[in-house]
Amino acid sequence: MSQTDEKDVGRESLPEDHFDGSQKSEEEDALRMTPAEEKKLLRRIDLWIVPYASLLYLLSFLDRVNIGQARLAGLEKDLKLHGKQYDIALTIFFVSYLVFELPSNLVLKKFKPPRWICFLMVSWGVLQVCMGLVTNHQGLYATRFLLGVFESGLFPGLNFLFTTWYTREELNARVAVFFSGATLAGAFGGLLAFGIRHMAGVGGKNGWAWIFILEGLLTIICAIPALWLVQDFPQYSNILSTRERAKWLHRLNISQGVTNAPLPFSKTQVVRPLTDWKTYVYGTILLSIAQPFYSLALFVPSIIAALGFTNARANLLSTAPYAVGTVFSLSVAYISDRYSIRAPALMVMMLLCILGYIILLCNVSPAAKFAAVFITVAGATPSIPTAITFVGNNFGPMYTRATVMGVSFSMATAAGIISANVYPIGDAPRYIRGHAIALGFSCLSIVLCALMIFYNTRENARRDRVYGVPNPDGSDCSPLYADDPVRLKKWGLEGKSKEEIIALGDQHPAFRYMI
């Protein structure tokens with residue numbers, strides 16, 4: 001394979017329609033990696049992408065939910081918040097976050113991930129510092145709203161980037177490590193807040209203000225290297241040589257087929273998923289999982305305080321459940337990838353959530369309720385990355401996947417709006433309303449997962465019955481063979497151009513949905 005040919009692999013312009021079977025076979029042989037090559041390259045890509053992305057999400061989630069810790073450090077008293085003003089401050093963040101998630105995901109490719117992510121993080125870091133300077137509820141509302149605008153692009157953008165770098169079978173483990181930033185933020189945030197609140201009086205500011213100021217400065221410091229450490233899409237990343245890039249893209253094609261092949265932007269790639277019922281079912285699955293998770297993230301300190309612990313002790317005790325959640329998240333992701341299952345793993349984890357919320361609803365001892373917090377966190381935490389992977393595994397091409405993931409994340413953000421308004425302080429100490437709503441959403445997630453198992457299994461069986469079983473080597477759905485006349489005839493695609501075939505994405509007859 002010539003150097004010129006290698007450079008053409010992965011570009012958005014499509015190869016000519018002429019098919020030469022022997023040449024394609026030679027190209028495929030040249031692009032195959034040995035197990036040792038694959039392992040070495042995967043390890044390098046993991047080291048470049050996963051740790052820094054996880055750090056960025058840790059900071060994002062920390063800056064999003066540290067208001068719960070600030071509440072225990074005197075925020076409400078100093079700003080004279082009363083009635084639903086604290087709940088409004090929580091809600092207004094999620095409103096702007098929801099609105100800007102999908103647009104941010106669509107412009108990510110145009111502005112390049114390193115530049116876009118760096119811009120977003122520096123912007124919200126500055127706003128986080130400003131939150132520590134506000135003196136009334138109006139200032140808190142304004143900074144929380146703008147915080148949502150700039151934070152909205154990080155989580156969906158990096159998750160979308162992950163789906164373009166990893167095969168379907170190895171994605172969940174990486175998303176879980178990345179998402180562990182959120183669970184570590186829950187643990188680390190409690191410890192950090194416990195220490196920072198003792199700065200009360202320094203510079204004439206209370207402890208809650210220093211929580212915002214110092215954590216905002218930390219975000220700004222960690223955001224600057226994003227210009228160099230956040231990776232571009234694999235077609236353009238400089239961590240791969242030309243030869244390695246060609247081989248890695250071929251490996252992705254074997255797993256993802258045409259769903260990961262780059263195409264020039266078209267309205268069809270955005271409109272089609274917006275009119276597909278599956279987009280909204282997957283989005284509702286993510287919403288119904290995110291609602292219990294956000295409830296825990298925002299209110300675990302308050303729930304623990306309501307069990308009779310002091311506010312400072314509640315800050316400290318809120319760290320332990322998230323440490324357990326991190327272990328569960330990584331373990332479930334490993335099993336999910338090992339057996340290529342998504343929805344069944346989700347259903348098991350959400351059963352844990354249901355058990356935990358039933359205990360929280362019962363009139364039991366504080367010790368039993370504290371144990372229930374561990375159970376609910378252990379169930380909800382692994383479910384988020386698995387649900388994200390479930391969505392990313394089953395849609396294409398790239399702009400279609402970006403759209404579906406943007407819509408799904410926006411719907412999940414609506415869960416934050418719900419969670420922020422169902423735990424009023426007047427419901428303490430039992431918080432029956434909030435726990436009951438989280439329980440209902442947990443049950444809904446199981447019903448919808450069962451629906452998608454049924455649909456995906458039936459659709460895969462229909463395609464097997466009508467067209468035949470795809471070659472396990474992935475070639476039937478690979479863009480490399482999108483102009484092979486034998487395969488075109490087998491899959492009923494005769495007369496279609498190569499661009500039309502690649503644009504089919506997950507609707508390609510040789511594509512099989514993951515359950």
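Conventions used here
Residues numbered from 1 in each chain as written. Predicted model: local features only at pLDDT ≥ 70, side-chain atom pairs only at ≥ 80, totals over all residues. Heavy atoms only, no water. Helix = DSSP H or I, 4+ residues; strand = E, 2+ residues; numbered from the N terminus. Rg over C-alpha atoms; globule rule 2.2 N^0.38 Å. Buried < 20%, exposed > 50% of the residue type's maximum accessible area, 1.4 Å probe, protein only. Contact = heavy atoms within 4.5 Å. 1 Å grid on protein atoms, 1.4 Å probe; cavity = no way out; pocket = protein on both sides within 12 Å on 5 of 7 lines; lining within 4 Å. Points joined across faces, edges and corners; volume = space filled by probe spheres on them. Salt bridge = Lys/Arg side-chain N within 4 Å of Asp/Glu carboxyl O. Axes fitted to C-alpha atoms, helices over the stretch in contact; angles between N-to-C directions. Parallel < 35°, antiparallel > 145°, perpendicular 65-115°, else oblique. Left-handed = near helix turned anticlockwise from the far one by under 90°. Nonpolar A, V, L, I, M, F, W, Y, C, P; charged D, E, K, R; others polar. Phe/Tyr/Trp six-rings, centres within 6.5 Å; stacked < 30°, edge-to-face > 60°. Lys NZ or Arg CZ within 6 Å of the ring centre and 35° of its normal. Patch = residues over 30% accessible without salt bridge, like charges linked within 9 Å, V, L, I, M, F, W, Y side chains within 5 Å. Areas by Shrake-Rupley, 256 points an atom, 1.4 Å probe, with all protein chains shown as cover. Expected span 1.5 Å × (residues − 1).

S.K.: Kindly report on the overall build of the protein, identifying the contributing residues and their values.
M.R.: When its secondary structure is counted, the protein shows 22 helices and zero strands. For a compact globule of 515 residues, the expected C-alpha radius of gyration is about 24 Å, and the protein comes in at 24 Å, within 12% of that figure. Principal-axis analysis of the C-alpha atoms places the extent of the protein at approximately 75 × 45 × 40 Å. Out of the 515 residues belonging to the protein, those deemed buried represent 60%. A sequence separation of at least 24 residues applies to 82% of the contacts in the protein between residues at least 6 apart.

S.K.: Describe the layout of surface pockets, naming the residues involved and giving the relevant values.
M.R.: In this model, the second largest pocket occupies a volume close to 310 Å³. Lining of the second largest pocket is provided by 18 residues; of these, Ile254, Ser255, Asn471, Pro472 and Gly474 occupy positions nearest its centre.

S.K.: Outline the pattern of salt bridges, supporting the account with residue identities and numerical values.
M.R.: On inspection of all chains with the given rule, the structure shows 16 salt bridges. A salt bridge links Asp276 to Lys278, with the nearest nitrogen and oxygen atoms 2.9 Å apart. Considered together, Asp276 and Lys278 belong to a single accessibility category, that of buried residues. Here Glu459 and Arg463 are joined by a salt bridge, their closest N and O atoms 2.8 Å apart.

S.K.: I'd like to hear about the packing of helix α18 (residues 366-393) against helix α19 (residues 398-419), residue by residue, with values.
M.R.: Packing of α18 against α19 brings their axes to within 9 Å, and their N-to-C directions diverge by 150 degrees. Here α18 is positioned roughly antiparallel relative to α19, judged by the angle of their axes. Remark: the crossing between α18 and α19 carries right-handed chirality. Contact with α18, carried on its side by Ile388, Val391 and Gly392, involves Arg401, Val404, Met405, Ser408 and Phe409 of α19 and no other residues of that element. Looking at the contact of α18 with α19 residue by residue, the classes come out as five nonpolar, two polar and one charged.

S.K.: Explain unusual backbone geometry residue by residue, including any values.
M.R.: Across the junction of Gly396 and Pro397, the peptide omega takes the value 0 degrees, indicating a cis bond. Note that Pro397 resides in the loop between α18 and α19. In this structure, Lys80 takes a positive phi of about 55 degrees despite not being glycine. Note that Lys80 resides in the loop between α4 (75-78) and α5 (85-111). One non-glycine residue with positive phi stands out, namely Tyr431, at about 50 degrees. Along the chain, Tyr431 falls in the loop between α19 and α20 (432-467).

S.K.: Quick rundown of the packing of aromatic side chains? Include the residues and the values.
M.R.: The description of an aromatic ring pair rests on the distance of the ring centres and on the angle between the ring planes. Under the defined criterion, the tally for this structure stands at 30 aromatic pairs. When the ring of Tyr57 is compared with that of Phe155, the centres are 4.5 Å apart and the planes differ by 20 degrees; the resulting orientation is stacked. Taken together, the residues span a long stretch of sequence, with Tyr57 in helix α3 (residues 35-72) and Phe155 in helix α8 (residues 154-165) at a distance of 98 residues. Their ring planes at 20 degrees and their centres at 5.6 Å tell us that Phe111 and Trp116 sit as a pair that is stacked. The class of Phe111 is partly exposed, set by a relative accessible area of 39%. Given a relative accessible area of 17%, Trp116 falls into the buried group. Of note, Arg71 hangs over the ring of Tyr86, and the distance from its end group to the ring centre comes to 4.0 Å. Geometry around Tyr339 places Arg338 over its ring, the cationic atom sitting 5.8 Å from the centre.

S.K.: Help me get a handle on a nonpolar patch on the surface, residues and values and all.
M.R.: Together, Trp48, Ile224, Leu227, Trp228 and Leu229 give the surface a local cluster of nonpolar side chains, amounting to about 500 Å² of exposed area. In terms of residues, the nonpolar patch owes the most to one element, helix α11 (residues 226-229), which gives three residues. Relative to the helices and strands, Trp228 resides in helix α11.

S.K.: Describe helix α12 (residues 242-256), with residues and values.
M.R.: For α12, spanning 15 residues, the distance from its first C-alpha to its last is 21 Å, which sits close to the expected 21 Å at 1.5 Å a residue. Burial analysis of α12 places eleven of its 15 residues in the buried class, the great majority of the element. When we look at burial in α12, the residues that qualify are Arg245, Ala246, Lys247, Trp248, Leu249, His250, Arg251, Leu252, Asn253, Ser255 and Gln256. Immediately beyond the C-terminal end of α12, within one or two residues, lies Gly257, with a positive phi of roughly 60 degrees.

S.K.: Pulling in residues and values, what's your account of the environment of Arg144?
M.R.: Within the secondary structure layout, Arg144 lies in helix α7 (residues 137-151). C-alpha of Arg144 to C-alpha of Thr91: the two residues are 53 residues apart in sequence and 8.8 Å apart in space. Aside from chain neighbours lying at most four places away, what touches Arg144 is Asp63, Arg64, Ile67, Ala89, Leu90, Ile92, Phe93, Ser96 and Met131.

Read these as spatial facts, not as claims about activity.
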